[in-house]
Amino acid sequence: MSIQRISVAGVGVDICRAEDIESEVLELLAKPGTKQIVFLSVWDLLRARGKSEYAECVRSADLVLPVSKSIIRGAKFLKKSIPVRYNPFDAVIEVLSVLERHYKSIFLLGARRATLQKAESNVRDTFPNLQIVGRYIGHYSKNAEAAVIEAIYKSSPSLVLVSEGIKEKDVWVYRRRNRFASSIFIYYKDVLGIFAERIKRVGEKTFARGHEIYAEIFHNPLKIFLLFPYLWYILLLLWYRLFKNT
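Keep in mind it's a predicted model, so treat the numbers as computed, not measured.

A word on empty space enclosed by the protein
Part 1 of the reasoning: Applying the stated rule across the entire model yields one cavity of 30 Å³ or more.
Part 2 of the reasoning: Approximately 70 Å³ is the volume attributed to the largest cavity.
Part 3 of the reasoning: Every element with two or more residues in the lining of the largest cavity is listed here: α1 (21-30), β3 (35-40), β4 (63-66) and α5 (88-101).
Part 4 of the reasoning: At four residues, α5 tops the list of elements feeding residues into the lining of the largest cavity.

Spelled out as structure tokens, the structure:
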């Protein structure tokens, strides 16, 4: 396997070239048990420092793909090997394409019923050789938890796509990792909404420039306060560059 894990401000980030995605997905499928792919933003990176449950989730993930341009800049500043930055939705499409080429299966988890149904229909149309073996809405009650787990366990899909309505996000998978058979899990909040054409995906030019945060601030002005953790990230990089970089 050609995947290399580097450390950016104390958090592991994987270098996975686009041409290696297929072999990496197939290798993960061959491994027993629960596997997890995590999309890591700079805000996630800051959360993943230390000893929190989320930090343990990121450390144990099979593949950690950076989605923020700031992580790439951080790796350069620390004079590390440079990871490939992924648009989460494009990465999901690539993984689904690999699974379809090998006639694999998928389980959809999350979103409201109408969104889930529309997303399922569009996934079927886009990936006709990809078998959808189950689906379950997000925001489900505590009483439905056992049914959700059992449905995923019994269907044993190649991939479980986890979307909005799952409050624990990536940690949902981590906490239940010993209760599934053998599947890859990916959490991406907007994935089913984008497939259902309810959520507009980030434009390629906007993503390439690293300007997706501006759209987020437009929809939620309180995100302007992310400036403060970003300044902390800059200070961390400087600290690691001067005192802890290896």
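Now that the structure has been shown, we can carry on.
Here we look at the packing of aromatic side chains
Part 1 of the reasoning: Going through the model one piece at a time under the given rule, you end up with eight aromatic pairs.
Part 2 of the reasoning: With 6.2 Å between their ring centres and 80° between their planes, Phe39 and Tyr188 make a pair best called edge-to-face. A residue pair is termed long-range when its members are at least 10 positions apart, and Phe39 in strand β3 and Tyr188 in the loop between β8 (184-187) and α9 (191-195) qualify at 149 residues.
Part 3 of the reasoning: Members of the aromatic cluster, joined through ring pairs, are Trp43, Tyr230 and Tyr233.
Part 4 of the reasoning: Above the face of the Tyr54 ring, Arg47 is positioned so that its terminal group lies 3.8 Å from the ring centre.

Notes on the sheet that holds β8
Part 1 of the reasoning: Within the open sheet, the six strands sit side by side as β4-β3-β8-β7-β5-β6. Their pairing is parallel. Every other strand in the sheet has two partners, leaving β4 and β6 (131-136) as the edge strands with one partner each. Strand after strand, the sheet turns through a mean of 20° between neighbouring axes, direction not considered.
Part 2 of the reasoning: In the packing of helix α3 (residues 53-60) onto the sheet, the strands contacted are β3 and β4, and the crossing angle to β3 comes to about 110°.

Structural notes on helix α7 (residues 145-155)
Part 1 of the reasoning: Looking at α7, one finds that the buried residues are Glu145, Val148, Ile149 and Ile152. Taken end-on, α7 shows its buried residues confined to a sector of 95°, consistent with a single buried face. For α7, the exposed residues set more than 90 degrees away from the buried face come down to Ala146 and Lys154.
Part 2 of the reasoning: Where α7 is buried, its residues meet β5 (105-109), β6, β7 (159-162), α8 (170-175) and β8.
Part 3 of the reasoning: Phi for Ser156, located one or two positions after α7, is positive at around 45°.

Scoring rules and cut-offs
Residues numbered from 1 in each chain as written. Predicted model: local features only at pLDDT ≥ 70, side-chain atom pairs only at ≥ 80, totals over all residues. Heavy atoms only, no water. 1 Å grid on protein atoms, 1.4 Å probe; cavity = no way out; pocket = protein on both sides within 12 Å on 5 of 7 lines; lining within 4 Å. Points joined across faces, edges and corners; volume = space filled by probe spheres on them. Helix = DSSP H or I, 4+ residues; strand = E, 2+ residues; numbered from the N terminus. Phe/Tyr/Trp six-rings, centres within 6.5 Å; stacked < 30°, edge-to-face > 60°. Lys NZ or Arg CZ within 6 Å of the ring centre and 35° of its normal. Pairing = 2+ DSSP bridges. Axes fitted to C-alpha atoms, helices over the stretch in contact; angles between N-to-C directions. Contact = heavy atoms within 4.5 Å. Buried < 20%, exposed > 50% of the residue type's maximum accessible area, 1.4 Å probe, protein only. Arc of directions from axis to C-beta.

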